[in-house]
Amino acid sequence: MTKTLLKEKLNEAVTSVMPITLIVLALCLSITPIPNSLLVSFAFGAVLLVIGMAFFTLGADVAMMPIGNKVGACITKSKKIWIIVLVSFLLGVIITISEPDLQVLANQVPTIPNNVIILSVALGVGIFLVIAMLRILIGISLSWILPVFYIIVFILAMQVPKDFWAVSFDSGGVTTGPMTVPFIMALGVGVSSIRSDRHAGDDSFGLVALSSIGPILAVLILGLVYPAEGTYTPVQIPAAETSKDSFDLFLKAFPEYIGEVLLALGPIIIFFLLFNVLIIKLGKRALIRISAGLVFTFMGLVLFLTGVNVGFMPMGNYLGKCIGNAEFSWILVPIAMLMGYFIVMAEPAVHVLNKQVENITAGSIPEKAMSLSLSIGVALSLGLAMIRVITGISVMWFLIPGYSVALLLTFAAPKLFTAIAFDSGGVASGPMTATFLLPFAMGACEAIGGIERIVSDAFGVVAMVAMTPLITIQFLGVVHKYRSKKEETRRELFLQNISNYNDEDIIEV
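On a predicted model such as this, the values are computed, not experimentally measured, just so you know. (Residues numbered from 1 in each chain as written. Predicted model: local features only at pLDDT ≥ 70, side-chain atom pairs only at ≥ 80, totals over all residues. Heavy atoms only, no water.)

### Considerations on the overall build of the protein
Okay, step 1: The helix and strand tally for the protein stands at 22 helices and 0 strands.
Okay, step 2: Across the 509 residues of the protein, 57% fall into the buried class.
Okay, step 3: Accessible surface computed for the protein: about 20900 Å², of which carbon and sulfur atoms make up 67%. (Helix = DSSP H or I, 4+ residues; strand = E, 2+ residues; numbered from the N terminus. Buried < 20%, exposed > 50% of the residue type's maximum accessible area, 1.4 Å probe, protein only. Areas by Shrake-Rupley, 256 points an atom, 1.4 Å probe, with all protein chains shown as cover.)

### Re the nonpolar core
Okay, step 1: In terms of nonpolar packing, the biggest core is built from 153 residues, with Leu-319, Met-339 and Leu-399 touching the most fellow members.
Okay, step 2: When residues of this core are assigned to their parent elements, the largest contribution, 14 residues, is made by helix H2 (residues 36-77).
Okay, step 3: With near-sequence residues (within four places) excluded, Leu-319 lies in contact with Val-24, Leu-27, Cys-28, Thr-32, Ile-34, Met-339, Phe-436 and Phe-440. (Core = buried A, V, L, I, M, F, W, Y, C linked by side-chain atoms within 4.5 Å. Contact = heavy atoms within 4.5 Å.)

### What to know about the environment of Val-308
Okay, step 1: Looking at where Val-308 falls in the secondary structure, it is placed in helix H13 (residues 284-324).
Okay, step 2: When the C-alpha positions of Val-308 and Thr-435 are compared, they lie 6.5 Å apart, and in sequence the two are 127 residues distant.

### Some thoughts on the packing of helix H6 (residues 142-157) against helix H17 (residues 396-409)
Okay, step 1: Packing of H6 against H17 brings their axes to within 11 Å, and their N-to-C directions diverge by 165°. In this view, H6 runs roughly antiparallel relative to H17, as classed from their interaxial angle. Taken as a pair, H6 and H17 cross one another with a handedness that is left-handed. Residues Leu-146, Pro-147, Tyr-150, Phe-154 and Ala-157 of H6 pack against Met-396, Leu-399, Ile-400, Tyr-403 and Leu-407 of H17.
Okay, step 2: Taken together, the residues of the contact of H6 with H17 break down into 10 nonpolar, no polar and no charged. (Axes fitted to C-alpha atoms, helices over the stretch in contact; angles between N-to-C directions. Parallel < 35°, antiparallel > 145°, perpendicular 65-115°, else oblique. Left-handed = near helix turned anticlockwise from the far one by under 90°. Nonpolar A, V, L, I, M, F, W, Y, C, P; charged D, E, K, R; others polar.)

### What about helix H11 (residues 213-223)?
Okay, step 1: Counting buried residues in H11 gives 10 out of 11 residues, a clear majority hidden from the surface.
Okay, step 2: Residues Ile-213, Gly-214, Pro-215, Ile-216, Leu-217, Ala-218, Val-219, Leu-220, Leu-222 and Gly-223 constitute the buried set of H11.
Okay, step 3: The inward-facing, buried residues of H11 abut helix H5 (114-138), H6, helix H7 (163-174) and helix H10 (207-211).

### Describing a nonpolar patch on the surface
Okay, step 1: A contiguous nonpolar surface patch, about 530 Å² in accessible area, is contributed by Ile-270, Leu-274, Val-277, Leu-278 and Ile-279.
Okay, step 2: Here Leu-274 lies in helix H12 (residues 243-280). (Patch = residues over 30% accessible without salt bridge, like charges linked within 9 Å, V, L, I, M, F, W, Y side chains within 5 Å. Salt bridge = Lys/Arg side-chain N within 4 Å of Asp/Glu carboxyl O.)

### Quick notes on H7
Okay, step 1: A rise of 1.5 Å per residue sets the reference length of H7, with its 12 residues, at 16 Å; its end C-alpha atoms lie 18 Å apart and thus fit the reference within 8%.
Okay, step 2: In terms of residue burial, H7 counts as a mostly covered element, since 11 of its 12 residues are buried. (Expected span 1.5 Å × (residues − 1).)

### A word on the side chain of Asp-170
Okay, step 1: Following the sequence through the fold, Asp-170 ends up in helix H7.
Okay, step 2: Arg-388 provides the closest opposite charge to the buried, unpaired Asp-170, separated from it by 7.2 Å.
Okay, step 3: Non-local contacts of Asp-170, meaning those with residues more than four positions away in its chain, are made with Leu-105, Phe-459, Gly-460, Val-461, Val-462 and Ala-463. (Lys, Arg positive; Asp, Glu negative; His and termini not counted.)

### Remarks on the packing of H5 against H6
Packed helix pairs are specified by the crossing angle of their axes together with the interaxial distance, meaning the distance between the axes.
Okay, step 1: Their axes nearest at 12 Å, the elements H5 and H6 cross at an angle of 155°. As summarised for this structure, H5 and H6 are arranged roughly antiparallel, according to the angle between their axes. Remark: the crossing between H5 and H6 carries right-handed chirality. On H6, the residues touching Phe-128, Ile-131 and Arg-135 of H5 are Leu-142, Ile-145 and Phe-149.
Okay, step 2: Of the residues belonging to the contact of H5 with H6, the class tally is 5 nonpolar, no polar and 1 charged.

Just geometry here; none of it tells us what the structure is for.
This is the structure in structure tokens:
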């Protein structure tokens, strides 16, 4: 059974990673010639990316989602609000601190110490995960709660230096990465499972959406305390003269990412073991299966992060510089859009979301429709992000209108599509965005406007990627709603026409 699943996951991973790999190779062989050592590193990274994604998604199915379901169902069955609040807060903080994407972003922010930004963001996620859980229990519509919090976000943003705007919205995107999404989404399904009303399934989505707001507010509040000045350190292109040197770069990086992933999974494993001993008390067979899934998750994340950070990040930065230095820098826009269209499918958490959406909606929202909507949204966002890099337009000229449209659509789209859309925004902006597209934008920005523009103009790529799916998927929901009504009207007319015939007419027909 496990071998069959792994084979299926490998096929999915190859299908996801191949397009962006081919695009990069085409660029390297045409308009952006690169050193052979960098190309070899990228090829190694692509192989690790495929294997890592396959093992991670297998581990998410076998371990992370069952753990989230069990914990969510158990804390809700207790019917004690203080237990739900405490466990949700602790889980939010623990999972966020262990999120690899957050570590990547924190290392790039020049104005705030790493540990301060990570702890602040973790507290923000913990608080808003509690709010999200209580929303599920009470049944408050996202259409009402999201506008309130985003109005607060934009009011607060006007009080802090503009260098914090892009970073704050980026932090909201990176916290919902490969560690957070499977667990939080499964937690929501577990909590909603005890409700018997027809909207319970719809309300199981939206946890990622609300959890993404906490980090934005946390970094904006830090902006009131910390100075806006800081020195950005550009991405370093590793020196490797031979293919052996390139391979050694990966070997040297493995221990670092093994430590990071152990740190990431450790608190979750300890929490689950304690929770199992005290409350769940799973059987031996279930424990063995979940333990195997955690091993798969560990292996997958180590391979994925090593491949992405060593092979993809330097390549993204180098390509951005080369294209930014080209005579026609506007070509950044279509190239970035093409990358964005395909790269979202290489995000591990996207596969988790798409599968869960198809399961929860009983196939009414198929994986293909979700994938197409996300790809279109991310392509548009990357095009807009490159326009910012070229022109220096403030990120708020895009975020304020974009979120205004997205929030207005919450009143037109079905509840389920609204929740899925805002969850998708966080999911689409995962490790591939943070470690390839963000360095790509930084390299382009450095080539066009210099290092001093990077914090204000290159940061914000994650924010843009997180915003556009909110619009495209809700628009998909509006179309779905219109088609459903049209089909229902056609069915009613057909039944009405049938009722106009008498029995003799029907027999004659």
